[in-house]
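A structural walkthrough
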Amino acid sequence: MSEVTAGQEAGTEPAFRCATAARERRDPMLGTAAPGRRWLLVEYPAGWARAALDSPDFPPGAAQELEQAALSVRGRVVLIRRPGRQPKDAPRRWGVVDHGGAQQWGWWRDADDLTEAARVLRAGPAPTSGDAQGEPDQAAYPLLLVCTHGRHDACCAIRGRPVAEALARRWPERTWECSHIGGDRFAANLLVVPDGTVYGGLDPESAVQVVDRHLAGHVDPVHLRGFSAHPPVVQNALAAVLRSHGPGAPDDVTPGRVDQTGPDEWVVEVMGRGASPPRTVVTVTRSTQPPAQLTCRGAADTTAYVYAVRLGQDGR
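Please read all numbers here as calculations on a predicted model, not as lab measurements.

A short note on the overall build of the protein
- Across its full length, the protein carries seven helices and 13 strands.
- Against the compact-globule benchmark of 20 Å for 316 residues, the protein has a radius of gyration of 20 Å, which places it among compact chains.
- Its C-alpha atoms give the protein principal-axis dimensions of about 60 × 60 × 35 Å.
- Burial statistics for the protein: of 316 residues in total, 53% are counted as buried.
- Within the protein, contacts between residues separated by at least 24 positions form 65% of all contacts whose residues are at least 6 apart in sequence.
- In the protein, which carries 35 positive and 37 negative side-chain charges, the distance between the mean positions of the two groups comes to 3 Å.

Here's the deal with the sheet that holds strand β3 (residues 92–98)
- With mixed pairing, the nine strands of this open sheet are ordered in space as β4-β3-β1-β2-β6-β5-β7-β8-β9. Unpaired on one side and paired on the other, β4 (103–108) and β9 (224–227) mark the two borders of the sheet. Within the sheet, the average angular offset between the axes of one strand and its neighbour, ignoring direction, is 25°.
- Across six bridges, the pairing between β3 and β4 is antiparallel. Bridging across to β4, Trp 94 finds its partner in Gly 106.

Cut-off values and rules
- Residues numbered from 1 in each chain as written.
- Predicted model: local features only at pLDDT ≥ 70, side-chain atom pairs only at ≥ 80, totals over all residues.
- Heavy atoms only, no water.
- Helix = DSSP H or I, 4+ residues; strand = E, 2+ residues; numbered from the N terminus.
- Rg over C-alpha atoms; globule rule 2.2 N^0.38 Å.
- Buried < 20%, exposed > 50% of the residue type's maximum accessible area, 1.4 Å probe, protein only.
- Contact = heavy atoms within 4.5 Å.
- Lys, Arg positive; Asp, Glu negative; His and termini not counted.
- Charge placed at Lys NZ, Arg CZ, Asp CG, Glu CD.
- Pairing = 2+ DSSP bridges.
- Axes fitted to C-alpha atoms, helices over the stretch in contact; angles between N-to-C directions.

Keep in mind that these numbers describe shape and distance, not what the molecule does.
As structure tokens, then:
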């Protein structure tokens, strides 16, 4: 179904689509990756409510427990499902995936199983991989999570589902559809875990190219939204070094000292390896873009932060 026909009814004007408007405005994507250092992935093949954990048949009380556990560790809870129709009564997995690469998996059917998932989310994955029957094949890492959460924002479904299908044809064991991960107007959005890289503005063709590069150790600078393990200012500094000296992998650059030097200015030390210099000083300034409708459901125009970067002398 095309974007226009998906967004209009007979005899009406096409519905507003935030992703189309954002592309027309050329909204900057860098620094928009929602924060998260540990992810709880909960397999839920049925339809998702606008607030994903309010979905039908989700165990009462489990949503609050999972959300509180996530907040306590700077984590995120995301529902996942395989692209295409899935039987509602199929066994369902949960997995805790840490930014450092550790992961632990299990099965769930009721609230008690999700209480165990919340416990692992708080404590972190065990040194062993947990329930081996619940764990995807190790060869299937990293995982590719494409937001297709249409009840949260129509653009995520319209643009996300074709991307998920294209990636699943190439990497069926790696690819999952997922619930809201932020930045609806940048759909289609892709989160790669465990490293937490977020890409946006994808279509089926560009998504395959981006993932090919990413799996080869090269961050794609055109579609990069940022790195979820870090705040927006740091995301911009890391991306600036990769753009200037790359191609490189996400872990080729790491933040050192971060100093706020003004109300909207920071100096970020970036430590590099590979093609990136051992040390680069990056000045990041923040401003706001003009008010605009940033989501399909937005009731009023709002502003968003945008960032500018300036690289200093390496080793300064």
